[in-house]
Amino acid sequence: MKCVRDVMTTDVETCTTLDNVYEVALKMKELNVGSIPIVDQDRLIGLITDRDLVIRGIAEKKPNSSKVTDVMSDKLITVSGESTVEEAVEIMANHQIRRLPVVEGNKLIGVVALGDLSTYRFTDEQAGQALSRISDQLH
């Protein structure tokens, strides 16, 4: 069985607590991504998704200069790099998430996303079941 470390994205752009909501949104746009991990000296402390920007930022009328800690999710679901891909799929499905931070201790070492899972060598049937299960949970 492959580990999450074998399929995760390791070149992950992050922001820190010194950044504001506008800077996170701009980085998301430039990178064409839907989430940005928030770190404090490589320690993962939160995650801001495009949904967080809308719900906790715009809908709550927070200014673009708001601190990232005002809109980030801080109750994080993570996985270790040594976890199996199957375990990651299970976690993503159970928690209805598309992106799963990968940590060693509290240090961010990567992110595994739905797209990363498509590179894993599931059988066609396993791939369909895994991705369908995650997608079904999201709707």
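Right above here is the structure, for reference.
Residues numbered from 1 in each chain as written. Predicted model: local features only at pLDDT ≥ 70, side-chain atom pairs only at ≥ 80, totals over all residues. Heavy atoms only, no water.

Caption draft 1: Structural view of the pairing of strand β2 (residues 35-40). In terms of residue burial, β2 counts as a mostly covered element, since five of its six residues are buried. Inspection of the sheet shows β2 paired to strand β3 (residues 43-49) by six bridges, in the antiparallel sense. Residue pairing across strands places Val39 opposite Leu44, the latter belonging to β3. From the end of β2 to the start of β3, which pair antiparallel, there are two residues, and Gln41 there has a positive phi angle of about 55 degrees. (Buried < 20%, exposed > 50% of the residue type's maximum accessible area, 1.4 Å probe, protein only. Helix = DSSP H or I, 4+ residues; strand = E, 2+ residues; numbered from the N terminus. Pairing = 2+ DSSP bridges.)

Caption draft 2: Examining the pattern of salt bridges more closely. Under the definition given, this model contains seven salt bridges. Residues Glu13 and Lys27 are paired through a salt bridge, measuring 3.5 Å at the closest nitrogen-oxygen approach. Highlighted residues: Glu13 in the segment before β1 (15-16) and Lys27 in helix α1 (residues 21-31), separated in sequence by 14 residues. Judged by its relative accessible area of 37%, Glu13 falls in the partly exposed class. Among the ionic pairs, Asp40 bridges to Arg43, the shortest N-O distance being 3.8 Å. Since its relative accessible area comes to 33%, Asp40 is described here as partly exposed. (Salt bridge = Lys/Arg side-chain N within 4 Å of Asp/Glu carboxyl O.)

Caption draft 3: The arrangement of a nonpolar patch on the surface in detail. On the surface, Val54, Ile55 and Ile58 cluster together into a nonpolar patch covering about 280 Å² of accessible area. If you trace the backbone, Ile58 turns up in helix α2 (residues 50-58). The class of Ile58 is exposed, set by a relative accessible area of 63%. (Patch = residues over 30% accessible without salt bridge, like charges linked within 9 Å, V, L, I, M, F, W, Y side chains within 5 Å. Areas by Shrake-Rupley, 256 points an atom, 1.4 Å probe, with all protein chains shown as cover.)

Caption draft 4: Representation of unusual backbone geometry. Backbone geometry at Asn32 places phi at a positive 55 degrees, although glycine is not the residue there. Positionally, Asn32 belongs in the loop between α1 and β2. Look at Lys61: it is not a glycine, yet its phi comes out positive at around 55 degrees. Looking at the secondary structure, you find Lys61 in the loop between α2 and β4 (79-80).

Caption draft 5: Representation of the side chain of Ser66 within the structure. With respect to the helices, strands and loops of the structure, Ser66 is situated in the loop between α2 and β4. In this view, Ser66 contacts Asn20 and Val21; residues no more than four positions away in its chain are not counted. (Contact = heavy atoms within 4.5 Å.)

Caption draft 6: Seen up close, the side chain of Ser73. Tracing the sequence through the fold places Ser73 in the loop between α2 and β4. Within the structure, the side chain of Ser73 is placed 3.1 Å from the side chain of Arg56, a separation counted as a polar contact. When sequence neighbours within four positions are dropped, the list of residues in contact with Ser73 reads Ile45, Gly46, Leu47, Asp52 and Arg56. (Polar contact = N/O pair within 3.5 Å; in protein donor to acceptor, adjacent residues only side chain to side chain.)

Caption draft 7: Up close: helix α3 (residues 85-95). Taken together, the buried positions of α3 are occupied by Val85, Ala88, Val89, Met92 and Ala93. The arc that holds the buried residues of α3, viewed along the axis, is 130 degrees, so those residues lie on one side. Downstream of α3 by a residue or two, Gln96 has a phi angle that is positive, lying close to 55 degrees. (Arc of directions from axis to C-beta.)

Caption draft 8: Fine view of α2. Every buried residue of α2 is listed here: Asp52, Leu53 and Gly57. End-on, the buried residues of α2 take up no more than an arc of 100 degrees, which puts them together on one face. Those residues of α2 hidden inside the fold are in contact with α1 and β3.

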